Amino acid sequence: MTDKGKLLTINHAAVIVLTVVYQVIMMAWFMLFAEVWMELQGFSEEDLADASALPYVIAFVSALIMNYVLAWSFIRMGVKSGVDGLKTGFILGFGLVALQLVTQYSFSLKPFALALIDAGGLLLVFLVSGYVLGSWKKFR
């Protein structure tokens with residue numbers, strides 16, 4: 001896509017910032033629902049006390065890849081504004097991620113409320129990333 005003759009490219013700074021923001025949003029989201037989430041999972045605080053750092057590494061790498069995929073997709077889809085990015089983030093986050101997570105949880109016989117908590121956090125991240133990537137453009 002062009003703007004005044006310039007080619008739109010992936011904004012690496014936005015992707016890195018959003019990767020950190022992803023971690024903050026998900027931490028806040030799960031702090032908000034911690035007691036309910038732990039109960040629905042059947043976890044106690046003792047179960048999580050000696051948790052490995054590996055899930056945090058996986059979460060960071062996954063968020064980085066997700067934001068690069070969104071940025072790449074937005075360029076190809078012609079997302080031109082924060083509002084376009086928000087709408088596209090909703091469509092992708094809800095249609096491709098949240099609904100699949102709810103479906104997987106239903107087949108796994110996990111509580112629907114757990115699916116809503118987990119999918120809700122992911123949808124929120126897609127909305128924020130969509131808005132920021134749609135707004136914070138980089139041209140060359």
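Residues numbered from 1 in each chain as written. Predicted model: local features only at pLDDT ≥ 70, side-chain atom pairs only at ≥ 80, totals over all residues. Heavy atoms only, no water.

Draft legend 1. Just the overall build of the protein chain, in detail. Regarding its fold elements, the protein chain presents 6 helices and 3 strands. Each helix (α) and strand (β) of the protein chain, taken in turn from the N terminus, gives the series β-β-α-α-α-α-α-α-β. When its C-alpha atoms are laid out on the principal axes, the protein chain stretches across 60 × 30 × 20 Å. Buried positions account for 34% of the 140 residues belonging to the protein chain. Taking the intrachain contacts of the protein chain between residues at least 6 apart in sequence as the baseline, contacts between residues at least 24 apart amount to 82%. (Helix = DSSP H or I, 4+ residues; strand = E, 2+ residues; numbered from the N terminus. Buried < 20%, exposed > 50% of the residue type's maximum accessible area, 1.4 Å probe, protein only. Contact = heavy atoms within 4.5 Å.)

Draft legend 2. Seen up close, helix α5 (residues 82-107). The end-to-end C-alpha distance of α5 is 36 Å, a good match for the 38 Å that 26 residues give at a rise of 1.5 Å each. Residue phenylalanine 94 marks the point of greatest curvature in α5, where the axis turns by about 35 degrees. Residues of α5 that are buried: Gly82, Gly85, Thr88, Gly89, Leu92, Gly93, Ala98, Leu101 and Tyr105. Those residues of α5 hidden inside the fold are in contact with α4 (54-77) and α6 (112-135). Count one or two residues on from α5 and you reach leucine 109, which has phi positive near 60 degrees. (Expected span 1.5 Å × (residues − 1). Bend = angle between axes of the 7 residues up to and from the residue.)

Draft legend 3. Broad picture of the packing of α4 against α6. As a packed pair, α4 and α6 sit with axes 10 Å apart at the nearest point and diverge in direction by 50 degrees. Here α4 is positioned oblique relative to α6, judged by the angle of their axes. Taken as a pair, α4 and α6 cross one another with a handedness that is right-handed. For the pair formed by α4 and α6, the contact residues are Met66, Asn67, Leu70, Ala71 and Phe74 on the first element and Val125, Phe126, Ser129, Gly130, Leu133 and Gly134 on the second. Grouping the constituent residues of the contact of α4 with α6 by class yields 7 nonpolar, 4 polar and no charged. (Axes fitted to C-alpha atoms, helices over the stretch in contact; angles between N-to-C directions. Parallel < 35°, antiparallel > 145°, perpendicular 65-115°, else oblique. Left-handed = near helix turned anticlockwise from the far one by under 90°. Nonpolar A, V, L, I, M, F, W, Y, C, P; charged D, E, K, R; others polar.)

Draft legend 4. A look at the nonpolar core. Counting 19 residues, the largest nonpolar core has Tyr22, Met66, Leu70, Phe74, Val125 and Leu133 as its most contacted members. Sorting the residues of this core by element identifies α1 (12-32), α4 and α6 as the ones contributing at least two each. Beyond its immediate stretch of four places on either side in the chain, tyrosine 22 contacts Ala59, Ala63, Met66, Leu122 and Val125. Among the nonpolar cores identified, the runner-up in size contains 10 residues, and Ala98, Tyr105, Leu114 and Ala115 belong to it. (Core = buried A, V, L, I, M, F, W, Y, C linked by side-chain atoms within 4.5 Å.)

Draft legend 5. Examining the side chain of threonine 19 more closely. Following the sequence through the fold, threonine 19 ends up in helix α1. From its side chain, threonine 19 meets the backbone oxygen of valine 15 in a polar contact 2.8 Å long. With sequence-adjacent residues up to four places away left out, threonine 19 is seen in contact with Phe60, Ala63, Leu64 and Asn67. (Polar contact = N/O pair within 3.5 Å; in protein donor to acceptor, adjacent residues only side chain to side chain.)

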